[in-house]
Amino acid sequence: MSIRNLHHAIDPKSLAIVGASDRAGSLGRVVIQNVIGTGFEGEIWPINPKHEQVAGHRCYSRVADVPGVPDLAVIVTPPQTVPALIHELGKKGTRAAVVITAGINADEGLKQAMLEAAKPFLLRIIGPNTVGLIVPSARLNASFAHMQAQRGGIALLSQSGAITTSLIDWAADNNVGFSKIVSLGDMADADAGDFLDLFAGDPETHAIVMYLETISNPRKFLSAARAAARVKPVVAIKAGRHAEAAKAAATHTGALSGADRVVDAALRRAGILRIEGLGELFDATETVARFPPLERGRVAIVTNGGGAGVLVVDRLVDFACALADLSPDTIRALDRILPANWSRDNPVDIIGDAPPDRYRRAVEIIAQDPELDILIVMNCPTGLASPVDAARAVASLARSGTISGKPVLTCWLGGRTAGAGREVLQQAGLASYDTPSDVALAASYLARWSKAQQALVRVPSSQDEEVPCDRALVQSIFHKVAAEGRRMLSELEAKSVIAAYGIPVPHTVIAKSPEEAEAVAGRLLAGATKVVIKLVSKSITHKSDVGGVVLDIRSAVAARQAAEAMAARLKVHDPTAVVDGFAVQPMIERKHAWELIAGISRDSIFGPVVLFGSGGVSVEVVADTAVALPPLDAVLAGDLIDQTRVGKLLAGFRNEPPADRSAICKALTALSQMTVDFPCVLSMDINPLVASAEGVTALDARIEIDPQTVARPGPNRDLAIRPYPSGWEKQVTLADRLYHLRPIRPPDAALYPDFLSKTSSADIRFRFLSSRKHFQDQMLVRLTQIDYEREMAFVALDRQSGELAGIARLYADPDHEAAEYGLLIRTDLQGHGLGWALLAQLRDYATADGLKRIEGLILSDNAKMLKMCKEFGFSISSHPTDATLRIATLALQSQA
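Residues numbered from 1 in each chain as written. Predicted model: local features only at pLDDT ≥ 70, side-chain atom pairs only at ≥ 80, totals over all residues. Heavy atoms only, no water.

For this particular structure, what's the right way to read the overall build of the protein?
The number of helices and strands found in the protein is 29 helices and 38 strands. Its C-alpha atoms give the protein a radius of gyration of 32 Å, within 12% of the compact-globule value 29 Å for 896 residues. Viewed in the frame of its principal axes, the protein has a C-alpha envelope of about 100 × 80 × 70 Å. Taking the intrachain contacts of the protein between residues at least 6 apart in sequence as the baseline, contacts between residues at least 24 apart amount to 71%. The averaged location of the 100 negative side-chain charges in the protein is 2 Å from the averaged location of its 94 positive side-chain charges. (Helix = DSSP H or I, 4+ residues; strand = E, 2+ residues; numbered from the N terminus. Rg over C-alpha atoms; globule rule 2.2 N^0.38 Å. Contact = heavy atoms within 4.5 Å. Lys, Arg positive; Asp, Glu negative; His and termini not counted. Charge placed at Lys NZ, Arg CZ, Asp CG, Glu CD.)

In structure tokens form, the structure reads like this:
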């Protein structure tokens, strides 16, 4: 597991400081004084051959001289000494080290020597080039930070040491406390993904904040981030938002899907709230940690000052938040209790003289409106009513930060009297903000985080049954293109590919010459009023750059003339260019239609990306596009549409009818399915994809492939997020019962309570290696919402009742060589072969996934499991340190 041995770092009982010193101004002195200053209660062993004593502690010359085994070591010695020290510490028994020393990653040989020294001992390295590690609950400050950190519930991960210390300083002034602080440094070994995994299961951590500069090992990072974000809020800053995208791209999609936009899509898909400024980090975390995710994010505002409400609306619009439309019932109820001159709209202006009872009754009515999800309550000081009394009236309605179950954000404007009102609200558990901009920003945090949480729980299948596809046809086209040494498909080939995935295309004929174009146009004009001529040439990337598209052709002669003119323009543009032919097709004309773009590109970090937005020849100038990580389902495709400006226009306005949203979503899910099925697809444009109320049609398409990978089968291993592995479903009949074996899905959490109630306490103890009476909802979520990357779980469902009958689980190590397994069968269904069937499913999956072995820890008194494992072919051995455990190991046969 990626968290292997990291627990030694965050909960050490003993500590070695290699390079500790009493020399003024030295790094070794700052570190040991920080360790002592926080009152670390474990053994502290300074190591430095130049000193006999450091900070009142005996100092040892070598690691071997230390009288015990340090759980954690902190290294502050010159770079060249580090590999040997890591080896000595590993040999001693230390399993985690914080390497504060800088300059190691700059020397690849030195870095590799350090990692090789750690590998035989599974010693985990934090850093190098790190500020260090702080665990307030363990009274541990193994860092050179300038001050101590308060204890609290937020875990901080930062790739910048300067940002780490700045946030510690800022948090102290704002009374923010931490559960853990990890300065990640150069991440030669342990990285953000590892600590996300660790903090996801840490009971002291209630929320995680991150400062990221790079994302190493993206699949591991997203896997860990998705696991953590399912059980607690995760908020991140990712620096480098404006790094230039690639200058050259074979498709518009490649040029438009800039790297930071992909990072944004990845974080959103992982359920992470991304923010831009350090000042927002803890405010955003506090806001989202207060409330569960919302289904929608519609905001209503109650205020005694119309201008203040307008300011909030302006900022909400800036942050792309939706205002709630109050229901007629709410309007009528407010009419009965408010003055005649109230606003009768959202924001609800209850007038400047509003007494406490008016506040209370208005807020109570509005909070019950089903059309709103977030309620903002504001107060502007006047000489007619007391802000403190208004705060008390609102506070009297509050329950755990909500009113009628709706999250409530408050903003009491002003100075001293407003401050007293804010104190009343905060004591009642209501979130309070100083300015209209602050409260609007908080609402946007909650809305965006909720949207990300919805994306997080989507698990699109590797085989979308809603997408019709002829994979054999597409495979044959790709093989033909690769055999000819080409990367770019012709327009006709590209259209054939997307048509095979259910995306409508116009009938297209390729003419080899202008004369043949004339003849083809003549035939097509017998059934169409106009045709379109397009240049076909492998020598150009975008036809419009050389006038390679001519519309509105009404005669065969005009078609020939257009083709001749195209060929002439191409020769002027590039005398060496070759004309491969002319595509002739009926001209598609639709009233009230929109030109869109849909495409696929490759990101250097996160792999395949799907793009959607406004299309046409000015696509890069308009730049109204959004990106998403595949796989997509209809819901995620709809979210992608909604991120664009054209998405709002497609919904219809004034006399413009709405476009067929379902058809657009199907086109996007078709592209997603293609990326899953064919790893060789590097990039694709469908531009324009014409959309109207009648559906969609792809008028042009470009596809680029990697000829070297056309034989590589799907599902695509380059996807940053694995799709639901639908190919691993089967039916088995055991003792006259039919069971459906399939990979676990998030909704299966609802099946657990009944399953566990029918499973004996002894069987639960055997499975979890300890007695358990309760399984918290968070744990059930964590067990059922997996990434299908390092973790896989299969459930057995009774086909007649739909009840959960058994679960088998695998968790692979970071090297993807071995996986730990677990198995639990409902007590009343044991003895009929279900455990054997699930174990066989795990074995087959692990073998196909390239694992070399599966292992399990079994209690020595679990006779049934030990017997089954022996019969199945596992080897059983004693645990080296725990006599109550046995280790079951099954070697797997490679499929290579």
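From this point, the discussion proceeds with the structure in view.
Is there a simple way to think about the pairing of strand β5 (residues 72-75) in this case?
Successive residues of a regular strand alternate their side chains across the two faces of the sheet. Side chains of β5 alternate between two faces, with L72 and V74 and A73 and I75 buried alike. Bridge count between strand β1 (residues 14-18) and β5: four bridges; the pairing is parallel. Its bridge partner being in β5, V18 is matched across the sheet by I75. Pairing of β5 with strand β6 (residues 96-99) involves four bridges; the strand directions are parallel. Within β6, the residue paired with L72 across the bridge is A96. Between the parallel elements β5 and β6, the chain passes through helix α3 (residues 82-92) in a crossover that is right-handed. (Buried < 20%, exposed > 50% of the residue type's maximum accessible area, 1.4 Å probe, protein only. Pairing = 2+ DSSP bridges. Right-handed = clockwise from strand over helix to strand, strands pointing away.)

Can you walk me through the sheet that holds strand β36 (residues 853-859) in this structure?
Pairing between the strands of a sheet comes from backbone hydrogen bonds, and it takes one of two forms, parallel or antiparallel. The strand order across the open sheet built from eight strands is β31-β32-β33-β34-β35-β36-β38-β37, with neighbouring strands paired in mixed fashion. Edge positions in the sheet fall to β31 (730-734) and β37 (875-878), since each of these pairs with one other strand and no more. Direction aside, neighbouring strands of the sheet carry axes that sit 25 degrees apart on average. Taken together, the three bridges between strand β35 (residues 818-825) and β36 define a ladder with parallel strand orientation. Across the sheet, residue E820 finds its bridge partner in β36, namely E855. (Axes fitted to C-alpha atoms, helices over the stretch in contact; angles between N-to-C directions.)

I tried to follow the packing of helix α5 (residues 161-173) against helix α10 (residues 278-290) on my own but got confused; where do I start?
Packed helix pairs are specified by the crossing angle of their axes together with the interaxial distance, meaning the distance between the axes. Their axes nearest at 11 Å, the elements α5 and α10 cross at an angle of 60 degrees. As far as their axial angle goes, α10 and α5 are oblique. Seen along the crossing, α5 lies across α10 with a hand that is right-handed. Where α5 approaches α10, its residues I163, L167, W170 and A171 are matched on the opposing element by L278, G279, L281 and F282. The residue makeup of the contact of α5 with α10, split by class, is seven nonpolar, one polar and no charged. (Parallel < 35°, antiparallel > 145°, perpendicular 65-115°, else oblique. Left-handed = near helix turned anticlockwise from the far one by under 90°. Nonpolar A, V, L, I, M, F, W, Y, C, P; charged D, E, K, R; others polar.)

What's the story with the nonpolar core in this structure? I'm lost.
In globular proteins that are soluble, nonpolar side chains generally tend to be buried together. With 67 residues, the main nonpolar core has F195, L196, M210 and F221 as its most contacted residues. Ignoring any residue separated from it by four or fewer positions in sequence, one finds L196 in contact with L157, I208, M210, F221, A224, A225, A228 and V234. Of all hydrophobic cores here, the second largest spans 55 residues; its members include I744, L756, L838 and I858. (Core = buried A, V, L, I, M, F, W, Y, C linked by side-chain atoms within 4.5 Å.)

Explanation requested: the pairing of strand β28 (residues 681-692) in the structure shown.
Extensive coverage of β28 is indicated by the burial of 12 of its 12 residues. Note: β28 against strand β30 (residues 701-705), five bridges, orientation antiparallel. Bridge assignment links M684 to a residue of β30, and that residue is I703. One ladder, built from four bridges, connects β28 with strand β29 (residues 695-698); its direction is antiparallel. The residue bridging V690 from the neighbouring strand is T697, located in β29. Here β28 folds back onto β29 in antiparallel fashion, the turn holding two residues.

Before we go on, may I ask you to explain the pattern of salt bridges in this structure?
Opposite charge on two side chains makes pairing possible when the charged atoms of those side chains draw close. Per the counting criterion, the structure on display carries 55 salt bridges. With a closest N to O distance of 2.3 Å, D329 and R332 form a salt bridge. Separated by three residues within a single helix, D329 and R332 lie in helix α12 (residues 328-337), roughly one turn from each other. Judged by relative accessible area, which is 45%, R332 ranks as partly exposed. E817 is the salt-bridge partner of K852, the closest N and O atoms lying 3.8 Å from each other. One end of the pair, K852, is in the loop between α28 (834-848) and β36; the other, E817, is in the loop between β34 (804-812) and β35, with 35 residues separating them in the sequence. By relative accessible area, E817 is classed as partly exposed at 32%. (Salt bridge = Lys/Arg side-chain N within 4 Å of Asp/Glu carboxyl O.)

How should I be thinking about the sheet that holds strand β10 (residues 151-158) in this particular structure?
Overall, mixed pairing links the seven strands, which are arranged β9-β8-β11-β10-β12-β13-β14 in an open sheet. Bordering the open sheet on either side are β9 (140-143) and β14 (273-275), each of which pairs with just one other strand. Strand after strand, the sheet turns through a mean of 15 degrees between neighbouring axes, direction not considered. In this structure, strand β8 (residues 132-135) lies alongside β9, joined through four bridges in antiparallel fashion. Paired with V135 across the bridge in β9 is L140. In the packing of α5 onto the sheet, the strands contacted are β8, β10, β11 (178-183) and β12 (207-212), and the crossing angle to β11 comes to about 155 degrees.

When you look at the environment of K119 in this model, what are you seeing that I'm missing?
Its place among the elements puts K119 in the loop between α4 (108-118) and β7 (124-126). Residue K119 is classed as exposed on the basis of its relative accessible area of 57%. Between the C-alpha atom of K119 and that of H87, which follows or precedes it by 32 residues, the distance is 9.1 Å.

Could you clarify how one ought to interpret empty space enclosed by the protein in this entry?
It is the rolling of a water-molecule-sized probe over the atoms that shows where space remains empty. Under the definition given, this model contains seven cavities of 30 Å³ or more. Forming the walls of the largest cavity are Y752, F755, L756, R767, F768, F775, L783, I807, A808, R809, G822 and L824. Elements with a minimum of two residues in the lining of the largest cavity: α25 (752-757), α26 (761-768), β34 and β35. Class assignment of the residues belonging to the lining of the largest cavity gives a composition of nine nonpolar, one polar and two charged. (1 Å grid on protein atoms, 1.4 Å probe; cavity = no way out; pocket = protein on both sides within 12 Å on 5 of 7 lines; lining within 4 Å. Points joined across faces, edges and corners; volume = space filled by probe spheres on them.)

Sorry if this is basic, but what is going on with a nonpolar patch on the surface here?
Among the surface-exposed residues, L27, V30 and F144 lie close enough to one another that they form a single nonpolar patch of about 200 Å² accessible area. With respect to the helices, strands and loops of the structure, L27 is situated in helix α2 (residues 27-37). On the basis of relative accessible area, L27 is assigned to the partly exposed category, the value being 33%. (Patch = residues over 30% accessible without salt bridge, like charges linked within 9 Å, V, L, I, M, F, W, Y side chains within 5 Å. Areas by Shrake-Rupley, 256 points an atom, 1.4 Å probe, with all protein chains shown as cover.)

Please explain the packing of α28 against helix α29 (residues 863-872) as it appears in this structure.
Running from N to C, α28 and α29 cross one another at 50 degrees; their axes reach a closest spacing of 11 Å. With respect to their mutual orientation, α28 and α29 come out oblique. Classified by chirality, the crossing of α29 by α28 is right-handed. The segment α28 lies against α29, with G835, W836, L839, A840 and R843 engaging M868, E871 and F872. Along the lines of polarity and charge, the residues of the contact of α28 with α29 split into five nonpolar, one polar and two charged.

So what exactly am I meant to see when it comes to the packing of aromatic side chains here?
Aromatic ring pairs are reported here in terms of the distance separating the ring centres and the angle at which the planes meet. Counted under the stated rule, the structure contains 12 aromatic pairs. A ring pair is formed by W728 and Y845, whose centres lie 5.3 Å apart and whose planes are at 75 degrees; its orientation type is edge-to-face. Separated by 117 residues along the polypeptide, W728 in the loop between β30 and β31 and Y845 in helix α28 bring together distant segments of the chain. Overall, W728 belongs to the partly exposed group, its relative accessible area being 25%. Relative to F874, the ring of Y821 lies with its centre 5.4 Å away and its plane at 40 degrees, an arrangement referred to as tilted. With Y821 in strand β35 and F874 in the loop between α29 and β37, the pair connects residues that are 53 residues apart, well separated along the chain. Note on accessibility: Y821 and F874 belong to one class, buried. Here the aromatic cluster, defined as three or more aromatic residues joined through ring pairs, consists of Y821, W836, F872 and F874. Seen from the ring of Y724, R745 lies directly overhead, with NZ or CZ sitting 3.7 Å from the centre. Geometry around F768 places R767 over its ring, the cationic atom sitting 4.9 Å from the centre. (Phe/Tyr/Trp six-rings, centres within 6.5 Å; stacked < 30°, edge-to-face > 60°. Lys NZ or Arg CZ within 6 Å of the ring centre and 35° of its normal.)

Note that every value here comes from positions in space, so none of it alone points to a role or purpose.
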